[in-house]
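Commentary on secondary and tertiary structure
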Amino acid sequence: MAKVAFVGLGVMGYPMAGHLKIKGGHDVTVHNRTTAKAEKWVAQFGGKSAPTPKQAAEGQDFVMACVGNDNDLHEVMLGKDGVFAGMRKDAIVVDHTTASAEIARELHAEAKARGFDFVDAPVSGGQAGAENGVLTVMCGGEAGPFAQAEKVIAAYARACTLIGASGSGQLAKMVNQICIAGVVQGLAEALHFAQKAELDIEKLVATISKGAAQSWQMENRYKTMAAGKFDFGFAVDWMRKDLAICLAEARRNGAHLPLTALVDQFYSQVQKMGGRRWDTSSLIALLQR
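Residues numbered from 1 in each chain as written. Predicted model: local features only at pLDDT ≥ 70, side-chain atom pairs only at ≥ 80, totals over all residues. Heavy atoms only, no water.

**With respect to the overall build of the protein**
- From N to C terminus, the protein includes 13 helices and nine strands.
- Its C-alpha atoms give the protein a radius of gyration of 20 Å, within 12% of the compact-globule value 19 Å for 289 residues.
- In terms of overall dimensions, the protein has a C-alpha envelope of 65 × 45 × 35 Å along the principal axes.
- Expressed as a percentage of the 289 residues in the protein, the buried residues total 50%.
- Residue pairs at least 24 apart in sequence account for 67% of intrachain contacts in the protein once pairs closer than 6 positions are excluded.
- Put simply, the protein shows about 13100 Å² of open surface, and 54% of that area lies on carbon and sulfur atoms. (Helix = DSSP H or I, 4+ residues; strand = E, 2+ residues; numbered from the N terminus. Rg over C-alpha atoms; globule rule 2.2 N^0.38 Å. Buried < 20%, exposed > 50% of the residue type's maximum accessible area, 1.4 Å probe, protein only. Contact = heavy atoms within 4.5 Å. Areas by Shrake-Rupley, 256 points an atom, 1.4 Å probe, with all protein chains shown as cover.)

**Let's talk about unusual backbone geometry**
- At Asp90, a position not held by glycine, the phi torsion is positive, near 70 degrees.
- Within the fold, Asp90 resides in the loop between α4 (70-78) and β5 (92-95).
- Residue Asp90 is classed as exposed on the basis of its relative accessible area, which comes to 60%.
- Even without being glycine, Glu198 reaches a positive phi, approximately 60 degrees.

**As for the environment of Lys112**
- Inspection of the secondary structure puts Lys112 in helix α5 (residues 101-114).
- Separated by 23 residues in sequence, Lys112 and Lys89 have C-alpha atoms that sit 9.7 Å apart.
- In this view, Lys112 contacts Asp117 and Glu142; residues no more than four positions away in its chain are not counted.

**Considering helix α11 (residues 236-253)**
- Taking 1.5 Å of rise per residue, 18 residues should cover 26 Å, and α11 covers 25 Å from first to last C-alpha, within 8% of that figure.
- Buried residues in α11 make contact with α5, α8 (168-196) and α12 (258-272).
- One or two residues past the end of α11 sits Gly254, with phi positive at roughly 85 degrees. (Expected span 1.5 Å × (residues − 1).)

**With respect to the pairing of strand β8 (residues 135-140)**
- Burial runs high along β8: five of the six residues are buried.
- Relative to β8, strand β7 (residues 123-124) is paired through two bridges, and the arrangement is antiparallel. Each bridged residue has a counterpart across the sheet, and for Val123 the counterpart in β8 is Val137.
- Pairing of β8 with strand β9 (residues 157-164), which is carried by six bridges, proceeds in the parallel orientation. Looking at β9, one finds that Gly140 is bridged to Gly164.
- Handedness of the crossover is the feature at issue here: the chain leaves β8, passes through helix α7 (residues 143-153), returns alongside β9, and the resulting connection is right-handed. (Pairing = 2+ DSSP bridges. Right-handed = clockwise from strand over helix to strand, strands pointing away.)

**Examining the nonpolar core**
- In terms of nonpolar packing, the biggest core is built from 34 residues, with Phe6, Met64, Ile153 and Tyr156 touching the most fellow members.
- Contact partners of Tyr156, with chain neighbours within four places excluded, come to Phe6, Met16, His19, Leu20, Met64, His96, Gly133, Val134 and Leu135.
- Within the second largest apolar cluster, 26 residues are counted, among which are Ala181, Leu191, Met239 and Val270. (Core = buried A, V, L, I, M, F, W, Y, C linked by side-chain atoms within 4.5 Å.)

**Quick notes on the environment of Val123**
- Note on placement: Val123 falls in strand β7.
- Overall, Val123 belongs to the buried group, its relative accessible area being 6%.
- As a C-alpha pair, Val123 and Met138 span 15 residues in sequence and 6.3 Å in three-dimensional space.
- Beyond its immediate stretch of four places on either side in the chain, Val123 contacts Met12, Met16, His96, Leu135, Thr136, Val137, Met138 and Lys173.

**Brief notes about the pattern of salt bridges**
- Following the criterion strictly, the structure yields eleven salt bridges and no others.
- In this structure, the salt-bridge partner of Glu102 is Arg252, at a minimum N-O distance of 3.1 Å. Taken together, the residues span a long stretch of sequence, with Glu102 in helix α5 and Arg252 in helix α11 at a distance of 150 residues.
- For Glu102, a relative accessible area of 42% corresponds to the partly exposed category.
- The class of Arg252 is partly exposed, set by a relative accessible area of 42%.
- Taken together, the shared-partner salt bridges connect Glu102, Glu249 and Arg252 into one network. (Salt bridge = Lys/Arg side-chain N within 4 Å of Asp/Glu carboxyl O.)

Right under this line is the structure:
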């Protein structure tokens, strides 16, 4: 059992922190900007809440965080009452936010200067993965701190891998999102084509999913995509935030991402249709207008 704080109780963080308490058996303190959310979590899972990130971090072995973006992360970590102000020596910060590799490296360097460690550890698996405790975690940092953090992360992960040095976890998450963008667009076009051709979607997918066309998106989203229902997972607004990070990094490293840029623009059109909170499979809605 470890003393663990979790900062950020959104759709991902709330169940992740719950797994730390119930499945992991850890002593958990939570913090959330909306106090009522933290109080609800304590009522459901036990543990404690703290009014600031700094107070949540004080005396902890590990501090996990999952917030919105680079700016949120900078504030919650380095702000006046931020996590870093409360960390003890030799403790470990594990950041599950999907953010830039730049801020991961900045926070890693600052943590080392203050005598503790930082691991960037974005996740894949969405809300369902968080709720079921089966997330995939991609980490950047040093081997020693990672090995310690991995044992705690296990409470909500089915896979946790150290990809490389600081920032590598965020870079791996970018690769993950680039893959998803292309796959979802291809699946959207395929299902749209099949509907126009008046094929039996159930028979079609039962057949082609046994071959090279198979994907997680096909297995888990084809029915709702064909039905025009988009309330099942990662929101378009969040995907656009992630793709912006990917495209910005590509400008820095010289990678060419023409398909990713195109799909990002398709998502911008979905937003204009009122689909900001639809899940990422809503790309098919553009084709069915």
